[in-house]
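Residue-level structure breakdown
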Amino acid sequence: MDSNVFSYRGFMLDSARHFIPVDDLCRIMSGAALCGLNAMHWHLTDDQGWRLEIRRYPKLTQIGSHRGPAYFGAKNEHENNDGFYTQDDVRRIVAHGQDLGLTIIPEIEVPGHASAMLAAYPEYGCRRIVFTPGGQQLQETPYDYAVGTLAGVFPNLICAGSDPAVRFLKDILDEVCELFPGPAVHIGGDEAIKQHWRRCPDCQKRIRQHGLKDEKELQKWLVLEIGQYLKGLGRKTIVWNESLDGGILPVDSFIVQHWLGNDEDTAGFMAEGGKVISSEVGAYYVSRPYGSLDVWDLYSAPRIPDYAREHPENLLGIETPMWSERVTNPKRAEYMLFPRIRAGAIKGENDGLTKDALLEDLRDTCERLKVLGIQAAPENVWLSDEATRAKEAARVQAVHDSPEAADTWRISDDILRSEALEKLLIAIDMPRDFATRVMDVAYAKVPEFFGHASEYGGDGADEMADQLCRALDNRAWGPWKDLPETVWLDTMKCFTRFVRENIRSTGYAAAFDRAFWTTRQVEARLF
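Below or above, wherever it landed, is the structure these notes cover. (Residues numbered from 1 in each chain as written. Predicted model: local features only at pLDDT ≥ 70, side-chain atom pairs only at ≥ 80, totals over all residues. Heavy atoms only, no water.)

Across the five residues of strand β9 (residues 236-240), four count as buried, placing the element largely inside the fold. One ladder, built from three bridges, connects strand β8 (residues 184-186) with β9; its direction is parallel. Each residue of the ladder has a partner; that of His 186, found in β9, is Ile 238. Here four bridges tie β9 to strand β10 (residues 254-258), and the two strands are oriented parallel to one another. Note on β10: the bridge partner recorded for Trp 240 is Gln 257. (Buried < 20%, exposed > 50% of the residue type's maximum accessible area, 1.4 Å probe, protein only. Helix = DSSP H or I, 4+ residues; strand = E, 2+ residues; numbered from the N terminus. Pairing = 2+ DSSP bridges.)

Right under this line is the structure:
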């Protein structure tokens, strides 16, 4: 047993996807403090809602806090879609946290999950370069931003190349720091897919000006810019671990929250002395059903993750996040949180309890929670046998396969496939103007997030987009799956060679006219 008590014992509430009224939120905070937690990470902004009043930018809540009926896979998608916290509400919540010994850590997402922000202030999004038969054109307002009504990961990012957009973020953080006196501000940094940045002349100019390698390093530049600003306001900056994709961040002013993947990056950050919060999706996400993550699963997960084994002294503690896509009201939030966050708190202090001792503690905790008006999940769901887990897995799959979810998965799949396609075109050194045309074809499948470009044919871009997307599918689960990366990329470079041959033979035109031949490469066949 590791006898060291973690200094950080936290949980996360997501008020962005479904609004949690102030009285209910304060009751949940009281329950969390009763359970032994000392920090609440408060997720206030996302694609699906902006919930914090910023007086300098009133449209953030006038527009960003409202959306129509949404579909995230829950039973009731009509409740708590609208709403925001006034600054007076926040002061009340912060004061309540101080009375409880519960530090409130606000999260303002940078640079992604920005649909609600950009729906309110689209001028802080990116411009877009397109290529047409007449040459290169610049679209000043290419994207139709809207507050999100579906779950997923979207390409709507604040423009990292725009000085006014960076100033906009700093202005917001000025008010955030006035409202929240705690030692840190969370700025997100996860799931920032960068298609808009790759097409934006301002972002590309910023990359050139600062000698950056790519858009990952551009995100690091922006995160450092914001982190330095927060440091000047006396705050540390917390980021999700994807923010390490562009390189190690300064360990004196940043804290990393690890949730998924990139273990080597997090281990490297810790080796430099960086502090980390453990929030592994498979171990601590209490937005998952009890049939997928029961109280013993949470408590018995490794207290020291693999990435922290070399430097456990730099692990601050554990946080149990509750995302609210499928948690539409406070009573459901209480069910999902309690008593699992108590199991997380105990684990932060002592990971040597037997299952029976843990259950006895949770029974006592739930009785005390009733005094606060909190109805925790009943004991019959705390532990899951194999039959329960199989039933839960089938239920989740049924939600995934339901007709109502079709739009969610169409958009999500096409966005992620287009991100993979764009990265492949860069990796095989496709001439930029033709790569842009290929991406215009791919983007046309999701105009909600990629805007519109003039359509024209005859250059083979549509055929290349189709073939490379099929090749990527085959790389993921088909005949390309287990072949070496070097073989895969060297083979895909034949597409680039054919386009360059066309340029040499015509003297000017970038086009692709070998689709009849490259079907073999797509299917990983030599003959």
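Moving on: helix α3 (residues 87-100). Since one α-helical turn is 3.6 residues long, residues separated by three or four positions face the same way. With 14 residues, α3 ought to run about 20 Å at 1.5 Å a step, and its terminal C-alpha atoms sit 20 Å apart, in line with that. Among the residues making up α3, those that are buried are Gln 87, Val 90, Ile 93, Val 94 and Gly 97. The buried residues of α3 all sit within an arc of 115° when viewed along its axis, so they share a single face. In α3, those exposed residues whose orientation departs by more than 90 degrees from the buried face are Asp 88 and Asp 99. (Expected span 1.5 Å × (residues − 1). Arc of directions from axis to C-beta.)

The next point concerns the nonpolar core. With 110 residues, the main nonpolar core has Phe 11, Trp 42, Leu 60, Tyr 85 and Leu 222 as its most contacted residues. By residue number, the principal contributor to this core is helix α5 (residues 163-179), which donates nine residues. If we ignore the near neighbours within four places in the chain, the residues touching Leu 60 are Trp 50, Ile 54, Ser 65, Met 117, Ala 120, Tyr 121, Phe 168 and Ile 172. In this structure, Ile 193, Leu 424, Phe 434 and Phe 498 belong to the second largest nonpolar core, which totals 41 residues. (Core = buried A, V, L, I, M, F, W, Y, C linked by side-chain atoms within 4.5 Å. Contact = heavy atoms within 4.5 Å.)

Under the criterion given, the structure shown has 47 salt bridges. Among the ionic pairs, Glu 215 bridges to Arg 198, the shortest N-O distance being 3.9 Å. With Glu 215 in helix α8 (residues 215-232) and Arg 198 in helix α6 (residues 195-198), this pair connects stretches of sequence that are 17 residues apart. Across the pair, Arg 198 and Glu 215 agree in class, each one buried. (Salt bridge = Lys/Arg side-chain N within 4 Å of Asp/Glu carboxyl O.)

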